[in-house]
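What the coordinates show
In case you want the letters, here they are:
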Amino acid sequence: MAKKKSMPDSALMEGYMPQHIAIIMDGNGRWAQQRLLPRTLGHRAGMSALKKVVQTCDELRVPFLTVFAFSTENWKRPETEVNYLMNLLVEFLHRELDELHRNNVQIHVLGDYEATPPKCQDEIRRALALTRHNTGLIFNIALNYGSRREIVDAAKSISKRVLSGEIQLDSIDEHLFAQCLYTAEMPDPDLLIRTAGEKRISNFLLWQVAYAEIVVSDVLWPDFTPEELYRAIKEFQGRDRRFGGLKK
Ligand code: IPE
Ligand code: IPE
Ligand code: MG
């Protein structure tokens, strides 16, 4: 019999819900290695974990979820693994799109997806077009995403506007800069989760996580359940966020 999902306790629901959860989904390879399986099967198991986490964020009414699916550095991996990951994304979108759409989820892709295989681009364009008017959970998939590249892109687009005379040098401020990032119009993540115990950011949302609360879970991504997500949110709710000021 399928294991029944536990419900979040009422204290969690009554506490302050993060408005934007960002997740570095790490540990697929180690999960497979522990089971003497190929790394690719770890990625496949990770896809099932992702599906449940998206559903849970939707149920919890978290407005924004951003997941790190493939970094600009992940191209360094063997071609077979890269191809598998791209095909897996195609499969995920193909299989889940109708349900995501029914649940009013709006899909965004952060990163240069035009450098991904044509099949992947087609599936992404279909997902973006179908869900663009949805008003529920904003689900960002960071794909071929690198934060340094994003920041350089923003600097270039601002420079162009200054050179063309559209804006003055003095009108560049943090707000304008943030509007030139891929996450324009979105609130910064207030909770950043990284799985598999690694305590680093790995070029993910460097600007946006300036004041995010970081929760590192030792659980490998394929084992990350809704209950683990509740645990991370509970930890977030217990944090004292000072933003450089003093304790309230
Ligand atoms: C995360 O799992 C998935 C991607 C980076 C695409 P990894 O593949 O990095 O898993 P580990 O870190 O090798 O265990
Ligand atoms: C970060 O994980 C990228 C994704 C989760 C897509 P990595 O496994 O690539 O990060 P490092 O190499 O451990 O820093
Ligand atoms: Mg990793």
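Notes on the structure in this doc start here. (Residues numbered from 1 in each chain as written. Chains lettered and ligands numbered in written order. Predicted model: local features only at pLDDT ≥ 70, side-chain atom pairs only at ≥ 80, totals over all residues. Heavy atoms only, no water.)

Some details on the packing of aromatic side chains
Summed over the entire model, instances satisfying the criterion amount to nine aromatic pairs. Pairing tyrosine 145 with tyrosine 182 gives two aromatic rings, centres 5.9 Å apart and planes at 75°, and the pair type is edge-to-face. Separated by 37 residues along the polypeptide, tyrosine 145 in strand S4 (residues 138-145) and tyrosine 182 in the loop between helix H7 (174-179) and strand S5 (191-194) bring together distant segments of the chain. Classification of tyrosine 145 as buried rests on a relative accessible area of 0%. Between tryptophan 221 and phenylalanine 224, the ring centres sit 5.2 Å apart and the planes meet at 20°, which makes this aromatic pair stacked. The residues tryptophan 221 and phenylalanine 224 share a single accessibility class, namely buried. In textbook terms, an aromatic cluster arises when at least three aromatic residues are bridged by ring pairs, as seen for Phe68, Tyr145, Tyr182 and Phe204. (Phe/Tyr/Trp six-rings, centres within 6.5 Å; stacked < 30°, edge-to-face > 60°. Helix = DSSP H or I, 4+ residues; strand = E, 2+ residues; numbered from the N terminus. Buried < 20%, exposed > 50% of the residue type's maximum accessible area, 1.4 Å probe, protein only.)

Regarding the site of ligand 2
The immediate surroundings of ligand 2 are formed by Ile24, Met25, Asp26, Phe68, Ala69, Phe70, Asn74, Arg77, Arg194, Arg200 and Ser202. At a separation of 3.4 Å, an oxygen atom of ligand 2 approaches a polar side-chain atom of arginine 194. When the free accessible area of ligand 2 is taken as 390 Å², the share hidden by the protein chains comes to 78%. Sort the elements by how many residues they give to the shell around ligand 2 and strand S2 (residues 64-71) lands first, with three residues. (Near = heavy atom within 4 Å. Polar contact = N/O pair within 3.5 Å; in protein donor to acceptor, adjacent residues only side chain to side chain. Areas by Shrake-Rupley, 256 points an atom, 1.4 Å probe, with all protein chains shown as cover.)

Some words on the pattern of salt bridges
Counting across every chain of the model gives 22 salt bridges. Residue arginine 161 pairs with glutamate 166 through a salt bridge whose shortest N-O separation is 3.2 Å. Residue class for arginine 161 comes out partly exposed when judged on its relative accessible area of 25%. Ionic pairing is found between arginine 241 and glutamate 213, a salt bridge with its closest N-O pair at 3.5 Å. Pair noted here: arginine 241 is in the segment after helix H8 (226-237) and glutamate 213 is in strand S6 (residues 213-216), with a separation of 28 residues, a long-range link. (Salt bridge = Lys/Arg side-chain N within 4 Å of Asp/Glu carboxyl O.)

Quick look at the site of ligand 1
All residues adjacent to ligand 1 are Met25, Asp26, Gly27, Asn28, Gly29, Arg30, Arg39, His43, Ala69, Asn74, Arg77 and Leu85. At a separation of 2.7 Å, an oxygen atom of ligand 1 approaches a polar side-chain atom of arginine 30. A distance of 2.7 Å separates an oxygen atom of ligand 1 from a polar atom in the side chain of arginine 77. Considering ligand 1 on its own, with 380 Å² of exposed area, one finds that the protein chains cover 87% of that surface. When residues of the shell around ligand 1 are traced back to their parent elements, those giving at least two are helix H2 (28-34) and helix H3 (39-59).

Points about the side chain of serine 71
On the secondary structure map, serine 71 appears in strand S2. Given a relative accessible area of 6%, serine 71 falls into the buried group. Ignoring anything within four residues of it in the chain, the contact list for serine 71 reads Asn144 and Tyr145. (Contact = heavy atoms within 4.5 Å.)

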